[in-house]
Amino acid sequence: MSNTLISVKNLTKQYQAEQAGGIKNISFDIKRGDVVAIIGESGSGKSTLLKSIYGLLKTDSGEIFFENQRVKGPDEQLIPGHKQMKMVTQDFSLNIYAKVYDNIASQLSNTDLKTKAEKTLQMMEHLRILPLQNKKIIELSGGEQQRVAIAKAMVADTQVLLLDEPFSQVDALLKNQLRADIKRIASETGVTVILVSHDPADGLFLADQLLILKNGELLQTGKPAEIYQHPKHIYTAQILGNAVVLSKTDAEKIGLKTQKESVVFYPEWAEINSNWSSRRFEVKDVYYKGFYDELLLERNGVNIRALQLNRGEHKKNDHVQLNISHFLEF
Ligand SMILES: Nc1ncnc2c1ncn2[C@@H]1O[C@H](COP(=O)(O)OP(=O)(O)OP(=O)(O)O)[C@@H](O)[C@H]1O
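An unreviewed UniProt entry lists the chain under the name ABC transporter ATP-binding protein, with Pedobacter roseus as the source organism.

This is the structure in structure tokens:
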């Protein structure tokens, strides 16, 4: 069996409206069982790509293959969507007056009662919502409803789970739990997950494969660590790691030589130390970041940011020695 589950080939979809966006000539493969995160700012085309993969949108050109079979568009079948895939949208599409159990079990209408109960209970256990089974959806928090929606989407042996902004309704604590849950469920059940998020941390945390979209174009795809360390575009470094971007002139003012137009580095690549090669910077501001500080530093009129792991060590107006051991050139 081929490892590739989904292949997207030269996919283009432009909306027919003034200044309309869409996606342009996108190609990539998805491996069976992987968690794939589509990352990009608002309007970059993430939802358009997700809906196209599911077969909900009529695309202009290109094709999507699921197990080597072309995914049909909405005009080619009675009920748009792909049978082996399920999409959880931000509105969850749950019956709010029905119980949690019944919402999930409703997906197994062609199954005998015993199997139906077994599968529903098992899926509730995976999502840690077993104690909620007799509650009505209307009595649940946003995060709990989200879990029910995911359980409902997965219970009927779904092969691909499509999640549109799955963490938009939940607070930071629950978000961390849900992210870990999705990662765990994917590895326990073997389901392939494709999720859309505007928060790059989601992708870095849980994805096997990241896709970075900008203005409808796929800038880069690959493993999160690979893309983080070797971004092909300045935008990717900015969105993933809040990178410092300097023009050639500014880079040279702080002692970084380049033949290219820009120099890019992550704040953690700027190391505070007093080696011979270190340069003096003035601390302009200190931002509290929890277990570390971010320093806003200045030298010859150029501002950069660096991390201070030893919290509180250097304060505003102090001078520090900095060694930028590694940087990228664009
Ligand atoms: N039905 C539509 N008709 C016209 N333009 C649309 C339509 N749907 C989306 N667009 C436009 O296409 C572009 C991509 O939209 P899409 O919803 O795919 O982006 P997104 O990255 O998911 O954004 P967000 O994070 O805000 O949901 C945007 O410029 C959007 O305004």
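K.L.:
Outline the packing of aromatic side chains, supporting the account with residue identities and numerical values.
P.N.:
Going through the model one piece at a time under the given rule, you end up with 3 aromatic pairs. Relative to Trp 269, the ring of Tyr 266 lies with its centre 4.9 Å away and its plane at 80°, an arrangement referred to as edge-to-face. Side by side, Tyr 266 and Trp 269 carry an identical accessibility label, which is buried. Pairing Phe 291 with Tyr 292 gives two aromatic rings, centres 5.1 Å apart and planes at 75°, and the pair type is edge-to-face. For Phe 291, a relative accessible area of 66% translates into the label exposed. Sitting over the ring of Phe 205, Arg 179 keeps its end group 5.0 Å from the ring centre. Sitting over the ring of Phe 205, Lys 183 keeps its end group 5.6 Å from the ring centre.

K.L.:
Now, about the pairing of strand E17 (residues 319–324): what can you tell me, with residues and values included?
P.N.:
In regular strands, side chains alternate between the two faces of the sheet. Both strand E13 (residues 270–272) and E17 contribute to a ladder of 3 bridges, which runs antiparallel. Counterpart to Ile 272 in the pairing with E17 is Leu 322.

K.L.:
Describe in detail the sheet that holds strand E6 (residues 85–88), supporting the description with residues and values.
P.N.:
Strand order in the open sheet formed by 6 strands is E6-E7-E8-E3-E9-E10, with mixed pairing between adjacent strands. Edge positions in the open sheet fall to E6 and strand E10 (217–222), since each of these has one partner strand only. Neighbour-to-neighbour, the strand axes of this sheet turn through a mean angle of 15°, independent of strand direction. Here 4 bridges tie strand E3 (residues 35–39) to strand E9 (residues 209–214), and the two strands are oriented parallel to one another. Looking across to E9, one finds that Ala 37 is bridged to Leu 210.

K.L.:
An account of the environment of Lys 31 is requested, with residue identities and associated values reported.
P.N.:
Looking at the secondary structure, you find Lys 31 in strand E2 (residues 22–31). The exposure class assigned to Lys 31 is partly exposed, which follows from its relative accessible area of 38%. Residues Lys 31 and Leu 49, spaced 18 residues apart in sequence, show a C-alpha to C-alpha distance of 17 Å. Among residues more than four places away in sequence, those in contact with Lys 31 are Asn 3, Thr 4, Leu 5 and Thr 192.

K.L.:
How would you summarise the domain arrangement of the chain if you had to cite specific residues and measurements?
P.N.:
When its domains are assigned, the chain resolves into domain 1 (4–234) and domain 2 (242–329). Each of domain 1 and domain 2 was reduced to a C-alpha centroid, and the two centroids are 39 Å apart. Taken over both partners, the interface formed by domain 1 and domain 2 buries close to 500 Å², and the fraction arising from carbon and sulfur atoms is 61%. Sorting the residues of domain 1 by area buried against domain 2 places Tyr 228, Gln 229 and Ile 234 first, and these three jointly supply 84% of that buried surface. For the interface between domain 1 and domain 2, the tally reads 0 salt bridges. Along the lines of polarity and charge, the residues of the side of domain 1 that touches domain 2 split into 3 nonpolar, 1 polar and no charged.

K.L.:
Can you tell me about the site of the ligand, naming the residues and giving the values?
P.N.:
If you check the shell around the ligand, you find Tyr 15, Gly 21, Gly 22, Glu 41, Ser 42, Gly 43, Ser 44, Gly 45, Lys 46, Ser 47 and Thr 48 and nothing else. Here an oxygen atom of the ligand sits 3.1 Å away from a polar atom, N or O, in the main chain of Ser 44. A distance of 3.0 Å separates an oxygen atom of the ligand from a polar backbone atom of Gly 45. A total of 630 Å² of accessible area belongs to the ligand in isolation, and the protein chains cover 60% of it. Counting residues per element, the shell around the ligand draws most heavily on helix H1 (residues 46–54), at 3 residues. Among the residues forming the shell around the ligand, the class breakdown is 1 nonpolar, 8 polar and 2 charged.

Cut-offs and rules
- Residues numbered from 1 in each chain as written.
- Predicted model: local features only at pLDDT ≥ 70, side-chain atom pairs only at ≥ 80, totals over all residues.
- Heavy atoms only, no water.
- Phe/Tyr/Trp six-rings, centres within 6.5 Å; stacked < 30°, edge-to-face > 60°.
- Buried < 20%, exposed > 50% of the residue type's maximum accessible area, 1.4 Å probe, protein only.
- Lys NZ or Arg CZ within 6 Å of the ring centre and 35° of its normal.
- Pairing = 2+ DSSP bridges.
- Helix = DSSP H or I, 4+ residues; strand = E, 2+ residues; numbered from the N terminus.
- Axes fitted to C-alpha atoms, helices over the stretch in contact; angles between N-to-C directions.
- Contact = heavy atoms within 4.5 Å.
- Domains from an automatic or database assignment.
- Buried area = accessible area lost by both parts, 1.4 Å probe.
- Salt bridge = Lys/Arg side-chain N within 4 Å of Asp/Glu carboxyl O.
- Nonpolar A, V, L, I, M, F, W, Y, C, P; charged D, E, K, R; others polar.
- Near = heavy atom within 4 Å.
- Polar contact = N/O pair within 3.5 Å; in protein donor to acceptor, adjacent residues only side chain to side chain.
- Areas by Shrake-Rupley, 256 points an atom, 1.4 Å probe, with all protein chains shown as cover.

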